[in-house]
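# Remarks on the overall topology
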Amino acid sequence: MSHLSTVFVTGGAGYIGSHCIVELLSAGYEVVVVDNFVNSVNGPDGESVALKRVEAITGKTVTFYECDLLDKTALENIFAKHKIDCVIHFAAIKSVGESMEYPLLYYKNNLIGMLNLLEIMEQFGCFQLVFSSSCTVYGEPNFLPITETHSVGHNITNVYGKTKYFIEEMLEDITHANKKWNIIALRYFNPLGAHPSGLIGEDPIKPFANIMPLISQVAIGHLPILTIFGGDYSTPDGTGIRDYIHVMDLASGHVAALNMLQKSHQNYKVYNLGTGQGVSVLQLVKTFERVTGTAIPYKIVERREGDISVMYANAELAERELEWKSKHSLEEMCVDFWRWQTMNPDGYRTKSTKMTNGHR
Ligand code: UD1
């Protein structure tokens, strides 16, 4: 019965993890969370600032440990302390540029972290896993909208993407070897937005590289101008097209996947989590300006190396099998992100927010 299940969430202090935990707690799951704060904010007592706010939003408790998945003994100790029923594995480093500069760091962190986790799960007889994968595993699409049957692993443009692909392969292999494994890999498209309360959102420690935080930094005056990479793609306005999905929709997709694993044995399945809608960078900028009443000066420069021109999902498989569908519009993604940004101009490190934080 899902309401009694305890979910072990790795990387739960991060952007997607923290939003997913709100949905898990609301759905009646208990959570045990680990994070090493490599790309999320910690408070003075070693707590996760985001997760304290998740507790405020949900009125529920989050059990949290600062733990690096490369420290297998620490991981083992946590599994020994709690009865873990299933795992959602978000913890990974994900900066495309950084991954090209430091490939070993990416392979070590993402692959060894996953291996340690799988070995500990096996040791404790826990075989249910939801894995954070990415549409990057498809490489440059051969057809659109992209379905799960599209080839993967060819022409992946960066090391980060390869770590996701290698892990998917590894997961498929272990499910062949041991039928007890019950695994779903979710291929995310581009998450945007924030929880509608404005209390949690995207606040990486590493430099901003994704489009929405950069737009928002320009809107709030921290950056003078947005740089748009490429105005000469074969798209209606020349800028790149992506499938932007509200982070709360992505979060509910994880709950749907977990519910499915609890209900029936899947062995190994993959699902796209997207909206099915392609949106250009300029369309996103214009929508943000319109719904927030801000102005985003921009300049169009050369294409970014390794960028894909057009990518959007066919998300029908998730709708059919997981009974999940994205609900939130592009407007909501912009409004919710802007609410988070204006309530927390410097993210979780903002001195005064509209929320009282005891630890500040
Ligand atoms: C990238 C990665 C993807 C990863 C995701 C999360 C690639 C090919 N994909 O996705 O694997 O899962 O980040 O970290 O690198 N853009 C600008 N100006 C900016 C920033 C972005 O014009 O300053 C454009 C990009 O060219 C792209 C769109 O905005 O067309 C979205 O970019 P971004 O948010 O970085 O995501 P992806 O590149 O799609």
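Presented here is a report on the structure given in the accompanying data block. Nothing here was measured: the structure is a model prediction, and the numbers come from that model.

## Details of unusual backbone geometry
A cis amide bond, omega -10°, links Leu 144 with the succeeding residue Pro 145. The topology assignment puts Pro 145 in the loop between strand 5 (128-134) and helix 6 (159-177). The phi dihedral of Phe 37 is positive, around 60°, even though this residue is not glycine. Residue placement: Phe 37 occurs in the loop between strand 2 (30-35) and helix 2 (49-58). A positive phi is found at Asn 267, a non-glycine position, where the angle reads about 65°. For Asn 267, the location among the structural elements is in the loop between helix 8 (247-263) and strand 11 (268-273). When its relative accessible area of 18% is taken as the criterion, Asn 267 is described as buried.

## Some thoughts on a nonpolar patch on the surface
Together, Leu 70, Ile 112 and Leu 115 give the surface a local cluster of nonpolar side chains, amounting to about 210 Å² of exposed area. Here Ile 112 is to be found in helix 5 (residues 103-123). Exposure remark for Ile 112: the relative accessible area of 37% places this residue in the partly exposed category.

## Considering helix 5
End to end, helix 5 covers 29 Å across 21 residues, agreeing with the expected 30 Å (1.5 Å per residue, within 8%). Among all positions of helix 5, only Tyr 106, Asn 109, Asn 110, Leu 111, Gly 113, Met 114, Asn 116, Leu 117, Leu 118, Ile 120 and Met 121 are buried. Tucked inside the fold, the buried residues of helix 5 contact strand 1 (6-10), helix 3 (72-81), strand 4 (86-89), helix 4 (96-101), strand 5 and helix 6. Positive phi shows up at Gly 125, right after helix 5, with a value of about 70°.

## Overview of the sheet that holds strand 11
The strand order across the open sheet formed by 7 strands is 3-2-1-4-5-6-11, and the pairing between neighbours is parallel. At either margin of the open sheet sits one strand with a lone partner, and together these are strand 3 (63-66) and strand 11. When strand polarity is set aside, the average angle formed by the axes of neighbouring strands in this sheet is 20°. Of the strand pairs in this sheet, strand 1 and strand 2 are connected by 5 bridges, and their pairing is parallel. Counterpart to Val 7 in the pairing with strand 2 is Val 31. Contacts between helix 6 and the sheet are confined to strand 5, strand 6 (182-188) and strand 11, with strand 5 contributing the most and set at about 150° to the helix.

## Quick word on the packing of helix 5 against helix 6
Close contact between helix 5 and helix 6 brings their axes to 9 Å; oriented N to C, the two are set at 25°. Judged by the angle between their axes, helix 5 and helix 6 are roughly parallel. Between helix 5 and helix 6 lies a crossing whose hand is right-handed. Residues Pro 103, Tyr 106, Tyr 107, Asn 110, Leu 111, Met 114, Leu 115 and Leu 118 of helix 5 lie in contact with helix 6, whose contacting residues are Val 159, Tyr 160, Lys 162, Thr 163, Phe 166, Ile 167, Met 170, Leu 171 and Ile 174. When its residues are assigned to classes, the contact of helix 5 with helix 6 shows 14 nonpolar, 2 polar and 1 charged.

Rules and cut-offs
- Residues numbered from 1 in each chain as written.
- Predicted model: local features only at pLDDT ≥ 70, side-chain atom pairs only at ≥ 80, totals over all residues.
- Heavy atoms only, no water.
- Helix = DSSP H or I, 4+ residues; strand = E, 2+ residues; numbered from the N terminus.
- Buried < 20%, exposed > 50% of the residue type's maximum accessible area, 1.4 Å probe, protein only.
- Patch = residues over 30% accessible without salt bridge, like charges linked within 9 Å, V, L, I, M, F, W, Y side chains within 5 Å.
- Areas by Shrake-Rupley, 256 points an atom, 1.4 Å probe, with all protein chains shown as cover.
- Salt bridge = Lys/Arg side-chain N within 4 Å of Asp/Glu carboxyl O.
- Expected span 1.5 Å × (residues − 1).
- Contact = heavy atoms within 4.5 Å.
- Pairing = 2+ DSSP bridges.
- Axes fitted to C-alpha atoms, helices over the stretch in contact; angles between N-to-C directions.
- Parallel < 35°, antiparallel > 145°, perpendicular 65-115°, else oblique.
- Left-handed = near helix turned anticlockwise from the far one by under 90°.
- Nonpolar A, V, L, I, M, F, W, Y, C, P; charged D, E, K, R; others polar.

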